[in-house]
Amino acid sequence: MLIDPYVNGIRRIDELMKYVKFGSDNAEIDARDLRHKELNDLIRECILRGVRKLILRNVCGQRYIGTRLYFKDNIKVEIRIYGTPGNDLGAFLNGHRIIVYGNAQDGVGNTMDDGEIIVHGRAGDVVAMTMRGGRIFIRDNVGYRAAIHMKGYKDKIPVLVVGGTSQDFLGEYMAGGKVVLLGLNVKRHRCHYVGTGMHGGVMYIRGKIERHQLGKEVGIVEMEEEDWKFLEYVVEDFCSYFGYKADEILGDNFLKLVPVTKRPYGRVYAY
Amino acid sequence: MIRDDKEFSACGLFGVMDRSGRRFNGEMAIRALKNMSVRGNGLGAGFAVYGLYKDFKEYYCLHVMIQNKDLDVKKKVDGFLAKNFDVVYDEEIPVNENSKTVDPPMFWRYFVHPKSHGENISDDDYVIKNVMYINTKIKDAYVISSGKNMGVFKGVGFPEDIADFFMIEEYKGYIWIAHTRFPTNTPGWWGGAHPFCILDWTVVHNGEISSYGTNKRYLEMFGYYCTLKTDTEVMAYIFDLLMRRQRLPIEVVAKILAPPMWDQIDLMDEKKRRFYTALRMVYSPLLVNGPWTVIVAHHGEMFGLTDRIRLRPITAGEKGDLLFLSSEESAIRAVCPDLDRVWTPHGGEPVVGRLSSGALKRVVR
Amino acid sequence: MKLKSHLLPEFIVERIESRCNKCGVCVKQCPWEVYRWNEDGTDIIIDYTKCVGCQRCVVYCPNKALIVKPYEGSYRPNAYWTKEVIMDIKKQAEQGGVILTGTGNDKPYKVYFDHIVLNASQVTNPSIDPLREPMELRTFIGRKPDHLEVEFDEGDYIIKTEIPPNLVIETPIMFAGMSYGAISYNAFLALAMAAKEFGTLFCTGEGGLPKDMREEYGSCAIVQCASGRFGVDPEYLNCAAAIEIKIGQGAKPGIGGHLPGEKVTEKISETRMIPEGTDALSPAPHHDIYSIEDLAMLIYALKEATNYEKPVFVKIAAVHNVAAIASGIVRAGADAVVIDGFRGGTGASPKIIRDHVGIPIELAIASVDQRLREEGIRHKCSIIASGGIRNSADVVKAIALGADAVYIGTAALIAMGCTMCQKCYTGKCAWGICTQDPELSKRLNPKIAAKRLVNLLRGWSLEIKEMLGGMGINAIESLRGNREHLRGIGLEEWELRVLGIKGAGE
């Protein structure tokens, strides 16, 4: 007797259409009674029928929103979510835009390839895990292991901007990409092991943090002009999304963290 | 076929407490677990309720599970209890025969008081001793809860099926903790579901305890025997040992189970450094390693705690007197969409809900 | 009357003539006089009958022109009357004495470590990455209280319980007792330097601690108080980190230490306080310990002598009822029990005792750990496993079976250069380790030897971290006694039962 809670008892798409309200240029889905797969089935169906703007209401824990949206003909959509989306929001995101009016959970932007995720609230653990492109903006705090193994290549550079603080292991074994931690409304950062195993990419941290909170593979270097240019660019977007004042934020000191070596574990092995 | 090795716990947790002591029914717990149904796979679920036996609140209530509905086993249990306790009242736990559960065991509840005994131990330790006896020596009988004015209802099935089987909605309590399970072993063992309980300590757990062998063998030195084939069992005994017997507060116990790392202890001031070094040195066999989140309750308190590098999630939420703990925020929002505060603690830092002392007096004798 | 020797050579030396350039390094390096120049200095003559197989010449020959291997010539193959058995009889017939040997038991008894495999976590539990996440090996050795009483005072919790003295080591590996006398001053110093640098401890063995080393290395020394009480003075006891009462050792259970007179030089004489050239024979028992309560008396005597500031260890050999003995030792007041299995090394031991007395450390640790837990006293002492720990996997298995830490002796010597030729008792160690000959001991530079030892500790510690991470554990205390992470392969029911582990697949 094997009951798979993910797919057992999922209703057919025609039964689910009653939860959709089509507007002039968008569609609204009431997710209150929908299971994960049902909601994602509906989202995909709406887009296949030509909708490019979706509003999801009463979302409560449904996972993988935005994941099943790889289309050969490069369609790009915008999804606005009201409620609390479940784990892996925007996992493998393929260039779409997701805005959450509420808190997100774990795995936001997991292996995201391109696109934008904006969360008007906090996010959980492993935000931007192995992210490879696109941008994520979180207004409040994030949990453990944000940006773990983030990657970048040439001009494909993922960006994670967090308005509050993060918990331990931020940027753990980062190989590329940019992480910005703004520390707004926080007296000091309490995270440890920041950047442990980092071997690529860069982190910008605003707010109080001590050297012993950083991993041994991390070095602190001077900010340069291009760093400030980049920060201006993302902080302005952050402020326009969440209603902060860019000059107040940019007026403060930022710490720039980079990896000290490309091969931090060269001396660990004996041949 | 039930294999005699350790089950692993992949799961969803939920706990809710009304800190004013007001009692409420199980609807919130059931609905929250339903929201997290993908965290389980229908092979285990359970509930613990505090404050449900108002009329018998000064007696220990033993929920006994009898495998295969074997009446001979029940006779043995009856005989054993009659010898060692005054059995004030007992009855079969009412169940819904038409629920979707398959082949359930028989559940019986006994309200008991220890018989006067010549031994120099407290009533609580006396009860533990006898519970351990039933669990280890009377085949096919297991005591799944043994506290006063509280009870555990658990088994193999989805949360809504277990709730239906035990007719949970009829009970009222001021703390509910609940669990949905994804075991990786063969189904059929009702005793392996969570919550685990000893006296009035209940634990629901998400994760796997990689230090199980170490923890278990240390606890055996103090008379606690692990018989329910699931690593979570050690957690219940650890809390009974440290908090009830050794009277350590949760703030210290959290640091025993999930202590800070040495490289952080080495940077603390002298006083704190000595404190943490002593804790780690003396209680090293109770460091609980591996990924875990637990929600623990006993009369008057509910806490949530995670492992020292927070490998499993937990979210805490507050609304007025209600304190919520869950594996996912959405489960809390499903029962209480509008919260005053939502947060996630650091690894090793407990979230604590306490009854005011007036309310505590009303709940237990 | 010297009798003609009937013994066959043990090793044979082959020289690849095309590679040899007659540089003479082999002549200089070999202390056994295998090589000598011919009369006109044009050729080097090889007398392989003297060769003991120490491989010094092979390693030092700049052209790698030498091959030293066991002498292939032998008697008719006989599985019962082996070559070794025959030769031992002939040796005794010639000399009429106890055959001596060095290093540990080399007989093919079952190696339990090689029949135990380790776990790794997958899917249901993540393995932890030791390179990037913290992985803790810090270990405390000593007696722990039953529980802690805690008081809340001025915003902080403070501990009211008094905690007995404990030692802190940064890795669960320490250096076993190898006496100055059995090994050279340089080798002894190298062990002290490496222990200090790495943050662990070394045991002095029964030869005492030279005065010039006490100030700098006392705090990482475990000083031994053996039956001969060599070098035991109040300063020796008080400068140390801990004191170890040596009752027995794995290589020769039941008999005392043995330092042949050849190795008792002036400096040894000074440290041990015995005349030069005499054999330093430790008595078999401590003559003030004839029963367990006498041991309690000695333990507390030492505690008094050191103001109760230092843990007292008791070292025993692993023998048949080791669990009961260990229990008695713990009840007698010891803070740690060191158990030396029958693979334990030595500088000199009767061969017949080395090869036939004692039990494997794996079984001993498992049964001692289990017995102490059954009696509810496991926390009152630390268990240190010793005797044939060959690599980091052995360390992990020993700890999972129940040890708090391990001692390494043979492995440390091998790191410094030892090649296990088993001639330690002659004092002619070509590597400068087990000798008092000043020319030979010069060959071992303490600083360089210490570096090799630190490398060994570092390499093993990294490997231990990898294995722990694989098991989903990030602190060594969660491995201690955790038999769930072990499985047996090719073991019988009773062996699995004694070890307290399941069979692989179960």
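What you are looking at is a predicted structure, and each value in this text was computed from that prediction instead of being measured.

Engineer: Which residues make up the overall build of chain B, and what are the values?
Structural biologist: Assigned secondary structure in chain B consists of eleven helices and 16 strands. In terms of C-alpha radius of gyration, chain B reaches 19 Å, essentially the compact-globule figure of 21 Å for 365 residues. Principal axes of the C-alpha set define a box for chain B whose edges measure 60 × 50 × 45 Å. Partitioning the intrachain contacts of chain B with sequence separation of at least 6 by distance along the chain shows that 76% fall at a separation of at least 24.

Engineer: Can you explain the overall build of chain A? Please cite residues and give values.
Structural biologist: Counting its secondary structure elements, chain A contains four helices and twelve strands. Relative to a compact globule of 271 residues, whose C-alpha radius of gyration would be 18 Å, chain A shows 20 Å and is just as compact. Each principal axis of the C-alpha atoms in chain A carries an extent, and together these give about 60 × 50 × 35 Å.

Engineer: Provide a residue-level description of the environment of Lys 216 of chain B, including the pertinent values.
Structural biologist: Its place among the elements puts Lys 216 of chain B in helix 5 (residues 212-220). Sequence separation between Lys 216 of chain B and Tyr 171 of chain B is 45 residues, and the spatial gap between their C-alpha atoms is 34 Å.

Engineer: How would you summarise helix 3 (residues 123-137) of chain B if you had to cite specific residues and measurements?
Structural biologist: All names here are of chain B. Between its first and last C-alpha, helix 3 extends 21 Å over 15 residues, near the 21 Å set by a 1.5 Å rise per residue. The set of residues buried in helix 3 consists of Val 127, Ile 128, Asn 130, Val 131 and Ile 134. The inward-facing, buried residues of helix 3 abut strand 3 (60-66), helix 2 (71-84), strand 5 (106-114), strand 6 (141-145) and strand 9 (196-198).

Engineer: Residue-level account of the confidence of the model for chain B, with values.
Structural biologist: Residue and element names in this part refer to chain B. Considering every residue of chain B, the mean pLDDT works out to 90; 95% of them sit at 70 or more. Ignoring residues within four places in sequence, the model shows residues 1-5, a span with pLDDT below 50, making seven contacts including any to other chains. Across the assembled chains, the prediction reports ipTM 0.88 with pTM 0.84.

Engineer: Can you tell me about the pairing of strand 13 (residues 315-319) of chain B, naming the residues and giving the values?
Structural biologist: All names here are of chain B. In the sheet, strand 13 pairs with strand 14 (residues 322-326) via five bridges, with the strands oriented antiparallel. Bridge pairing in strand 14 places Ala 316 opposite Leu 325. What sits between the antiparallel neighbours strand 13 and strand 14 is a turn of two residues, in which Gly 320 has the positive phi angle 60 degrees. In this structure, strand 13 lies alongside strand 15 (residues 341-343), joined through three bridges in antiparallel fashion. Looking at the pairing, Glu 318 lines up with Arg 341 of strand 15.

Engineer: Can you break down the interface of chain C and chain B residue by residue, with the values?
Structural biologist: Much of the literature gives interface size as the accessible area that the parts lose upon coming together. Contact residues are listed per partner, giving 38 residues for chain C and 34 residues for chain B. In terms of residue count, strand 9 (residues 156-159) of chain C provides more of the side of chain C that touches chain B than any other element does, four residues in total. By residue class, the composition of the side of chain C that touches chain B is 14 nonpolar, twelve polar and twelve charged.

Engineer: Please provide a residue-by-residue account of the nonpolar core, values included.
Structural biologist: All names here are of chain C. Counting residues in each nonpolar core, the largest one holds 333 residues, and the members touching the most others are Val 337 and Ile 339. The dominant element in this core, judged by the number of residues it contributes, is helix 4 (residues 185-198), at eleven residues. Apart from the residues within four sequence positions on either side, Ile 339 is in contact with Ile 316, Ala 318, Val 322, Ala 326, Ile 361, Ala 364, Ile 365, Val 368, Ile 383, Ala 385 and Ser 386.

Engineer: I'd like a description of unusual backbone geometry, backed by residues and values.
Structural biologist: Glycine aside, the phi torsion of most residues is negative, and most peptide linkages are trans. The peptide bond linking His 194 of chain B to Pro 195 of chain B adopts the cis configuration, its omega dihedral lying at 10 degrees. Positionally, Pro 195 of chain B belongs in the loop between strand 8 (175-181) and strand 9. One non-glycine residue, Tyr 173 of chain A, lies in the positive phi region at around 25 degrees. Locating Tyr 173 of chain A in the fold gives a position in the loop between strand 8 (159-162) and strand 9 (175-181). Judged by local crowding, Tyr 173 of chain A falls into the buried class, with 25 C-beta atoms found within 10 Å. Although it is not a glycine, Glu 33 of chain C adopts a positive phi angle of roughly 65 degrees. Locating Glu 33 of chain C in the fold gives a position in the loop between helix 1 (25-29) and strand 2 (35-37).

Engineer: Outline the domain arrangement of chain A, listing residues and values.
Structural biologist: The domains assigned to chain A are domain 1 (1-89) and domain 2 (122-264). Spacing between the C-alpha centres of domain 1 of chain A and domain 2 of chain A amounts to 31 Å.

Engineer: Can you lay out the sheet that holds strand 6 (residues 114-119) of chain A for me, pointing to particular residues and giving the numbers?
Structural biologist: Residues and elements named next belong to chain A. The twelve strands are arranged 1-2-3-4-5-6-7-8-9-10-12-11 in an open sheet whose pairing can be described as mixed. Across the chains shown, the open sheet's two edge strands, defined by having one partner strand only, are strand 1 (20-22) and strand 11 (218-221). In this sheet, neighbouring strand axes are inclined to one another by 15 degrees on average, regardless of whether the strands run parallel or antiparallel. Bridge count for strand 3 (residues 53-60) against strand 4 (residues 78-84) is six bridges, and the pairing is parallel. Opposite Val 59, over in strand 4, you have Gly 83 as the bridge partner. The strands touched by helix 2 (residues 36-48) are strand 1, strand 2 (27-30) and strand 3; relative to strand 2, the strand with the most contacts, the crossing angle is about 170 degrees.

Engineer: Could you give an account of the environment of Glu 244 of chain C, with specific residues and numbers?
Structural biologist: Residues and elements named next belong to chain C. Relative to the assigned elements, Glu 244 resides in strand 14 (residues 242-246). Residue class for Glu 244 comes out buried when judged on the 27 C-beta atoms lying within 10 Å of it. Distance from Glu 244 to Leu 372, taken between C-alpha atoms, is 20 Å for residues 128 residues apart in sequence. If we skip the residues at most four places from it in the chain, Glu 244 touches Gly 177, Cys 203, Ile 222, Gln 224, Cys 225, Phe 313, Lys 315 and Val 338.

Engineer: Describe the sheet that holds strand 10 (residues 201-207) of chain B, and please don't skip the residues or the numbers.
Structural biologist: Residue and element names in this part refer to chain B. Here we have five strands laid out as an open sheet, ordered 9-10-11-12-16, and antiparallel in their pairing. A strand with exactly one partner marks an edge of an open sheet, and here the two such strands are strand 9 and strand 16 (351-354). Neighbour-to-neighbour, the strand axes of this sheet turn through a mean angle of 15 degrees, independent of strand direction. Bridging between strand 11 (residues 292-298) and strand 12 (residues 301-306) involves six bridges; their strand directions are antiparallel.

Engineer: Please give an account of the environment of Arg 63 of chain A that cites residues and values.
Structural biologist: Residues and elements named next belong to chain A. By the secondary structure assignment, Arg 63 is in the loop between strand 3 and strand 4. Between the C-alpha atom of Arg 63 and that of Lys 37, which follows or precedes it by 26 residues, the distance is 8.3 Å. Non-local contacts of Arg 63, meaning those with residues more than four positions away in its chain, are made with His 36, Gly 86, Asn 87 and Asp 88.

Engineer: Can you explain helix 4 of chain C? Please cite residues and give values.
Structural biologist: A turn of α-helix holds 3.6 residues, and therefore any two residues three or four places apart point the same way. All names here are of chain C. Between its terminal C-alpha atoms helix 4 stretches 20 Å, which fits the 20 Å expected from 14 residues at 1.5 Å a residue. With respect to burial, helix 4 is a largely interior element, twelve of its 14 residues being buried. Those residues of helix 4 not exposed but buried are Tyr 185, Asn 186, Ala 187, Phe 188, Leu 189, Ala 190, Leu 191, Ala 192, Met 193, Ala 194, Ala 195 and Phe 198.

Engineer: Any details on the packing of helix 6 (residues 233-245) of chain B against helix 7 (residues 250-257) of chain B? Residues and values, ideally.
Structural biologist: Each packed pair of helices is defined by two parameters, the angle between the axes and the distance between the axes. Residues and elements named next belong to chain B. Direction vectors running N to C along helix 6 and helix 7 enclose 135 degrees, while the axes themselves pass 10 Å from each other. When the axes of helix 6 and helix 7 are compared, the pair comes out oblique. In the crossing of helix 6 with helix 7, the sense of the turn from one axis to the other is right-handed. In contact with Ile 238, Leu 242 and Met 243 of helix 6, helix 7 contributes Ile 250, Val 253, Ile 256 and Leu 257.

Engineer: Please give an account of the packing of helix 9 (residues 322-331) of chain C against helix 11 (residues 361-374) of chain C that cites residues and values.
Structural biologist: Residues and elements named next belong to chain C. Contact geometry for helix 9 and helix 11: axes closest at 8 Å, N-to-C directions at 50 degrees. Put simply, helix 9 runs oblique to helix 11. Like other packed secondary-structure pairs, helix 9 and helix 11 cross with a definite hand, here right-handed. Judged by residue contacts, Val 322, Ala 323, Ala 326, Ser 327 and Val 330 of helix 9 engage Ala 364, Ser 367, Val 368, Arg 371 and Leu 372 from helix 11. When grouped by side-chain class, the residues that make up the contact of helix 9 with helix 11 number seven nonpolar, two polar and one charged.

Engineer: Can you tell me about the pairing of strand 13 (residues 221-225) of chain C, naming the residues and giving the values?
Structural biologist: Residues and elements named next belong to chain C. Counting buried positions over the five residues of strand 13 gives five, a clear majority of the element. Judged by which residues are buried, strand 13 turns out to be covered on both faces: Ala 221, Val 223 and Cys 225 on one side and Ile 222 and Gln 224 on the other are all buried. Across two bridges, the pairing between strand 12 (residues 202-203) and strand 13 is parallel. The partner of Phe 202 across the bridge, within strand 13, is Ala 221. Two elements, strand 13 and strand 14, share four bridges in a ladder whose sense is parallel. Bridged to Cys 225 within strand 14 is Ile 245.

Each value, and the rule that gives it
- Note on numbering: residues in each chain are counted from 1, in written sequence order.
- Working convention: letters from A go to chains and numbers from 1 go to ligands, in the order in which they are written.
- Thresholds applied to this predicted model are a pLDDT of at least 70 for local features of residues and 80 or more for the giving and counting of side-chain atom pairs; totals over whole chains, interfaces and linings are not thresholded and use all residues.
- Labels follow the DSSP assignment, with helices taken as runs of H or I lasting at least four residues and strands as runs of E lasting at least two, numbered in each case from the N terminus.
- Taken over C-alpha atoms, the radius of gyration is set against a globule rule of 2.2 Å times the number of residues to the power 0.38.
- Contacts here follow a simple rule: the backbone-placed C-beta atoms of the two residues must lie within 7 Å.
- In this analysis, the expected span of each helix is defined as 1.5 Å times one less than the number of residues it contains.
- Using C-beta atoms placed from the backbone, we call a residue buried if 20 or more other C-beta atoms fall within 10 Å of its own, exposed if 12 or fewer do, and partly exposed for counts in between.
- pLDDT measures the predictor's confidence residue by residue and takes values from 0 up to 100.
- Being paired, for any two strands, means DSSP has found at least two bridges between them.
- Gly falls in the polar group here, along with every residue not listed as nonpolar (Ala, Val, Leu, Ile, Met, Phe, Trp, Tyr, Cys, Pro) or charged (Asp, Glu, Lys, Arg).
- Think of a nonpolar core as buried Ala, Val, Leu, Ile, Met, Phe, Trp, Tyr and Cys residues, each tied to the set through C-beta atoms within 7 Å.
- For every domain, the bounds stem from an assignment made automatically or drawn from a database.
- Axis definition: a line fitted to C-alpha atoms, limited for helices to the stretch in contact. Angles are taken between N-to-C directions and run from 0 to 180 degrees.
- Angular relationships are summarised with four words: roughly parallel below 35 degrees, roughly antiparallel beyond 145, roughly perpendicular across 65 to 115, and oblique for the angles in between.
- Each crossing gets its handedness from the near helix: less than a right angle anticlockwise from the far helix is left-handed, clockwise is right-handed.

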